[in-house]
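Chain residues, written in single-letter form:
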Amino acid sequence: MSKAKQVVLTGDRPTGKLHIGHYVGSLRNRVKMQDSGKYKMFVMIADQQALTDNAKNPKKIQDSLAQVALDYLGVGLDPEKTTIYVQSQIPALSELNMYYLNLVTVSRLERNPTVKSEIQQKHFDRSIPAGFLTYPVSQAADITAFKANLIPVGDDQEPMLEQTREIVRSFNSTYGNVLVEPEGVFPPKGQGRIPGLDGNAKMSKSLGNTIYLSDDEDTLLKKVMSIYTDPDHIHIDDPGKIEGNIVFTYLDIFDKDKEKVQELKDHYRHGGLGDVQIKKYLFNVLNEELEPIRKRRASYAKDIASVYDMLNKGSQKANMIAAQTLAEVKRAMGINYFD
Ligand code: TRP
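Source: prediction; values computed, not measured.

**Thoughts on the overall build of the protein chain**
And step 1. Within the protein chain, the regular secondary structure consists of 14 helices and 5 strands.
And step 2. A compact globule built from 339 residues should have a C-alpha radius of gyration of about 20 Å, and the protein chain, at 22 Å, falls within 12% of that.
And step 3. With the C-alpha coordinates of the protein chain rotated into their principal frame, the extents come out at 80 × 45 × 40 Å.
And step 4. Out of the 339 residues belonging to the protein chain, those deemed buried represent 49%.
And step 5. Here the analysis covers contacts within the protein chain between residues at least 6 apart in sequence; of these, 76% occur between residues at least 24 apart.
And step 6. In the form shown here, the protein chain has an accessible surface area of approximately 16,700 Å², with 52% of it arising from carbon and sulfur atoms.
And step 7. Looking at the protein chain, you have 44 positive and 44 negative side-chain charges, and the mean spots of the two groups are 5 Å apart.

Printed below as a string of structure tokens:
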């Protein structure tokens, strides 16, 4: 590995198509990092992690694999510059996971705040799949196998990085200095999370309040027209509220013309600016950003076989790197008996 370049690694669970929340929170930044040419880039489709709470529904994961890959290609991740690969095809990750599990206690895993809130959301109660409780350890394997030091993720992933650092420190002090401590690269304040169309704090498939990167123009228009605004803004001439008005939240995130947004806000507050009008304006802003993504995605979608081929090649490349780290790990642990 060239020593000058920092190693960037991140991934997504393939549980559905990606939406503009993923785009704003992470995808957009990955493409920027990729195109800077400053980093060695790895992007992984975390199908094993997705299976930790979807074991009985493998079809969803299978179907989502190509969808997520298309979303990546659509936003401009370039397999020539970024190694794009599939977690389940990298056996070294599972082996590393096996050794790391011994460096972590069950009570430590039970304290992970992100896992805790997922357990609540998914109503696992006392029936937590063991693989689910331990997925932060497997995520430490994902990261350390590539000696990645920069991890662009949403704020909810900080506990995984903390867990990874603890494993790295424990491993290195016990067996010798092999692994690298990662740090997160988080979106700027206020930009990381995008609320749903209905005003819910989270955009998520299960809430049905998303805009997918793959939505066609008509769907986008329909969805924009359904966005939550100010329920008390009934007549065009009524003064309107900006706070909690999702149209303006999205404009703040997507519209590069900040002066224009300010002007619209002032006008809306004052009264005389209708919801349909600002929604049409927002539609144009969003469509300008999403149209090239949608078109690129659609052109790759015509040839799914070559998308799988790209994933296969990426996985082979990733496999070589992860296998090398695993060999170093086993050597450090003294379990390389037959070398
Ligand atoms: N936990 C991440 C998510 O839910 C996905 C993921 C798996 C990941 N392995 C990773 C992210 C390694 C960064 C690095 O989005």
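**Things to note about the environment of Leu65**
And step 1. Within the element layout of this structure, Leu65 appears in helix α3 (residues 58–75).
And step 2. According to the relative accessible area criterion, Leu65 is buried, its value standing at 14%.
And step 3. When the C-alpha atoms of Leu65 and Leu311 are compared, they prove to be 9.7 Å apart, with 246 residues separating the residues in sequence.
And step 4. Those residues in contact with Leu65, other than ones at most four positions away along the chain, are Pro14, Ile45, Val86, Tyr308 and Leu311.

**What to know about helix α11 (residues 246–254)**
And step 1. For α11, the tally of buried residues reaches 7 of 9 residues, placing the bulk of the element in the interior.
And step 2. All of the buried residues along α11 are Ile246, Val247, Phe248, Tyr250, Leu251, Ile253 and Phe254.
And step 3. Here the buried face of α11 lies against α1 (20–36), α12 (258–270) and α13 (275–301).
And step 4. Looking at where α11 begins, the residue whose side-chain oxygen comes 3.2 Å from the main-chain nitrogen of Val247 is Asn245.

**Details of the site of the ligand**
And step 1. The environment of the ligand is formed by 13 residues, the closest being Arg13, Gln49, Gln139, Asp142 and Gln157.
And step 2. Within the side chain of Gln49, an N or O atom sits 2.7 Å from a nitrogen atom of the ligand.
And step 3. Side-chain polar atom of Gln139 to a nitrogen atom of the ligand: 3.0 Å apart, as the coordinates give it.
And step 4. Breaking the shell around the ligand down by element, the ones donating at least two residues are β1 (6–12) and α8 (135–144).
And step 5. Here the residues of the shell around the ligand are counted per class, giving 6 nonpolar, 5 polar and 2 charged.

**Looking at the packing of helix α4 (residues 91–101) against helix α14 (residues 304–333)**
And step 1. In contact at an axis separation of 8 Å, α4 and α14 are set at 30° when each is read in the N-to-C sense. Here α4 lies roughly parallel to α14, going by the angle between them. In the packing of α4 onto α14, the handedness of the crossing is left-handed. Residues Pro91, Ala92, Glu95, Leu96 and Tyr99 of α4 form the contact with α14, whose participating residues are Asn319, Ala322, Ala323, Leu326, Val329, Lys330 and Met333.
And step 2. Here the residues of the contact of α4 with α14 sort into 9 nonpolar, 1 polar and 2 charged.

**Some thoughts on the domain arrangement of the protein chain**
And step 1. On domain assignment, one finds that the protein chain holds domain 1 (6–194 + 303–333) and domain 2 (215–298).
And step 2. A C-alpha centroid distance of 34 Å is found between domain 1 and domain 2.
And step 3. For the domain 1 and domain 2 pair, buried surface summed over both sides reaches about 1,100 Å², with 60% attributable to carbon and sulfur atoms.
And step 4. Considering only the side of domain 1, the residues that lose the most area to domain 2 are Ile20, Tyr23 and Gly74, jointly responsible for 40% of the buried surface there.
And step 5. One salt bridge connects Asp71 with Arg297, and the closest N-O pair in it is separated by 2.6 Å.
And step 6. The tally of links from domain 1 across to domain 2 stands at 4 residue pairs in polar contact (both at pLDDT 80 or more).
And step 7. At the level of elements, α1 and α3 are the ones that each hand at least two residues to the side of domain 1 that touches domain 2.

The rules behind the values
- Residues numbered from 1 in each chain as written.
- Predicted model: local features only at pLDDT ≥ 70, side-chain atom pairs only at ≥ 80, totals over all residues.
- Heavy atoms only, no water.
- Helix = DSSP H or I, 4+ residues; strand = E, 2+ residues; numbered from the N terminus.
- Rg over C-alpha atoms; globule rule 2.2 N^0.38 Å.
- Buried < 20%, exposed > 50% of the residue type's maximum accessible area, 1.4 Å probe, protein only.
- Contact = heavy atoms within 4.5 Å.
- Areas by Shrake-Rupley, 256 points an atom, 1.4 Å probe, with all protein chains shown as cover.
- Lys, Arg positive; Asp, Glu negative; His and termini not counted.
- Charge placed at Lys NZ, Arg CZ, Asp CG, Glu CD.
- Polar contact = N/O pair within 3.5 Å; in protein donor to acceptor, adjacent residues only side chain to side chain.
- Near = heavy atom within 4 Å.
- Nonpolar A, V, L, I, M, F, W, Y, C, P; charged D, E, K, R; others polar.
- Axes fitted to C-alpha atoms, helices over the stretch in contact; angles between N-to-C directions.
- Parallel < 35°, antiparallel > 145°, perpendicular 65-115°, else oblique.
- Left-handed = near helix turned anticlockwise from the far one by under 90°.
- Domains from an automatic or database assignment.
- Buried area = accessible area lost by both parts, 1.4 Å probe.
- Salt bridge = Lys/Arg side-chain N within 4 Å of Asp/Glu carboxyl O.

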